[in-house]
Amino acid sequence: MTGPLCDALVLAGQRGAVDPLASAHGLALKALLPVAGTPMLHRVVAVLQASPLVGRITIAGDTAKLAAADPRLAEMLDSGAVTGLPPEPGPSASVAKALAHQASGRPLLVTTADHPLLSAAMIETLVTRAPADAAATAGVVPASVIRKAYPDALRTYWRFADDGYSGANLFLLRPPGAATAVGVWQLIERHRKRPWRIVARLGPGLLVRFVLRRLTLYDALLALSKRVGVPLRAVAIHEAEAAIDVDKEADLVLVESILRRRGA
């Protein structure tokens, strides 16, 4: 490897003016929620900066407010260590905007500010195993991996014949087909809690197979790829922590307990 293989986008916006978890901790911005004493956004950016696979890092969010509340982040923005991108109304729209500004031609690695357990190994797994012809590759974690490591953790799973899967908040998007893939992201964003609605768009045959647990994740993505005209793929990440983001208090308690065990 002679240089970075991708650039990175960190989604640091929030749904609505007030995030319940941030508000409960007296904060206006969820991205700056301290996790084991360190703001979540700092943890994510630090991992990206340490990865030799990652080049330019952009934060999509209200960077003026973030910088005003966080001098360390203000320094990173002022020095050019990271760049800012004003947020759009939803994550997929912010990704679309970032792709439009992607000048390097490298693939774009997308993650979220509420992913404080992000690791270099997770990034390497996705970036190095994503098929070279895929317009978009999503990192997913098998339900069997999560349940073995954290049997009491509540996660949302998309259930297929081979296993259930939870998202890892990691995506690799390759121009130029990535722009089309973002349209699929918008569809998934609307129906992320009701995956059968997405499968239903692929025809009644696949919907029946999905309901009866006879449809694999690979076959579902293959059918969706044919429907939208660009290759869409998934890479399984066998680290349960990849599926643990911080959306509610129970998540924060779990993440902090994991970090304490690691001494991080």
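This text goes with the structure placed above it.
This section reports on the structure supplied with the text. On a predicted model such as this, the values are computed, not experimentally measured, just so you know. (Residues numbered from 1 in each chain as written. Predicted model: local features only at pLDDT ≥ 70, side-chain atom pairs only at ≥ 80, totals over all residues. Heavy atoms only, no water.)

**Focus on the overall build of the chain**
At step 1: Check the secondary structure of the chain and you find 12 helices and 10 strands.
At step 2: When the backbone C-alpha atoms are referred to their principal axes, the chain occupies close to 55 × 45 × 40 Å.
At step 3: Every one of the 264 residues in the chain was classed for burial, and the buried ones make up 52%.
At step 4: Of the contacts formed within the chain by residues at least 6 apart in sequence, a portion of 73% connects residues at least 24 apart.
At step 5: Accessible surface computed for the chain: about 12400 Å², of which carbon and sulfur atoms make up 55%.
At step 6: In the chain, which carries 30 positive and 22 negative side-chain charges, the distance between the mean positions of the two groups comes to 8 Å. (Helix = DSSP H or I, 4+ residues; strand = E, 2+ residues; numbered from the N terminus. Buried < 20%, exposed > 50% of the residue type's maximum accessible area, 1.4 Å probe, protein only. Contact = heavy atoms within 4.5 Å. Areas by Shrake-Rupley, 256 points an atom, 1.4 Å probe, with all protein chains shown as cover. Lys, Arg positive; Asp, Glu negative; His and termini not counted. Charge placed at Lys NZ, Arg CZ, Asp CG, Glu CD.)

**Here's the deal with unusual backbone geometry**
At step 1: In this model, Pro175 is joined to Pro176 through a cis peptide bond whose omega is 0°.
At step 2: Tracing the backbone through its elements, the reader meets Pro176 in the loop between strand E9 (164-173) and helix H8 (178-190).
At step 3: For Ala36, which is not a glycine, the phi torsion comes out positive at approximately 50°.
At step 4: Ala36 gets classed as partly exposed once you look at its relative accessible area, which sits at 38%.

**Some details on the packing of helix H2 (residues 40-50) against helix H4 (residues 71-79)**
At step 1: Their axes nearest at 11 Å, the elements H2 and H4 cross at an angle of 35°. For the pair H2 and H4, the sense of crossing is left-handed. Of the residues in H4, those touching H2 at Leu41, His42, Val45 and Gln49 are Arg72, Leu73 and Met76.
At step 2: Taken together, the residues of the contact of H2 with H4 break down into four nonpolar, two polar and one charged. (Axes fitted to C-alpha atoms, helices over the stretch in contact; angles between N-to-C directions. Left-handed = near helix turned anticlockwise from the far one by under 90°. Nonpolar A, V, L, I, M, F, W, Y, C, P; charged D, E, K, R; others polar.)

**Concerning the pattern of salt bridges**
At step 1: What the rule picks out here adds up to eight salt bridges.
At step 2: In this structure, the salt-bridge partner of Lys30 is Asp247, at a minimum N-O distance of 2.9 Å. With Lys30 in the loop between helix H1 (20-24) and strand E2 (34-35) and Asp247 in the loop between strand E10 (232-236) and helix H12 (249-262), this residue pair connects regions lying 217 residues apart in the sequence.
At step 3: Note on Lys30: relative accessible area 9%, which makes it buried.
At step 4: Each of the salt bridges in this network shares a partner with another, and the network as a whole consists of Arg155, Asp245, Lys248 and Asp251. (Salt bridge = Lys/Arg side-chain N within 4 Å of Asp/Glu carboxyl O.)

**Regarding helix H5 (residues 91-100)**
At step 1: Those residues of H5 that sit buried are Ser92, Ser94, Val95, Ala98 and Leu99. Projection of H5 onto a plane perpendicular to its axis shows the buried side chains occupying an angular sector of 160°, all on one side. (Arc of directions from axis to C-beta.)

**Some details on the packing of aromatic side chains**
At step 1: What the rule picks out here adds up to one aromatic pair.
At step 2: Relative to Tyr165, the ring of Phe160 lies with its centre 6.4 Å away and its plane at 55°, an arrangement referred to as tilted.
At step 3: Residue classification places Tyr165 among the buried residues on the basis of a relative accessible area of 12%.
At step 4: Here Arg147 stacks its cationic end above the ring of Tyr157, 4.7 Å away from the centre of that ring. (Phe/Tyr/Trp six-rings, centres within 6.5 Å; stacked < 30°, edge-to-face > 60°. Lys NZ or Arg CZ within 6 Å of the ring centre and 35° of its normal.)

**Points about the environment of Leu9**
At step 1: When you line up the elements, Leu9 lands in strand E1 (residues 6-11).
At step 2: In this structure, the C-alpha to C-alpha distance between Leu9 and Val230, residues 221 residues apart in sequence, is 21 Å.
At step 3: Apart from the residues lying within four places of it in its own chain, the contact partners of Leu9 are Thr58, Ala60, Ser94, Val95, Ala98, Leu108, Leu109, Val110 and Thr111.

**Describing the side chain of Arg233**
At step 1: Counting through the fold element by element, Arg233 comes out in strand E10.
At step 2: Despite its burial, Arg233 pairs with no opposite charge, the nearest such side chain being Asp133 at 5.0 Å.
At step 3: Among residues more than four places away in sequence, those in contact with Arg233 are Pro131, Ala134, Ala136, Thr137, Ala138, Leu221, Leu222 and Ser225.

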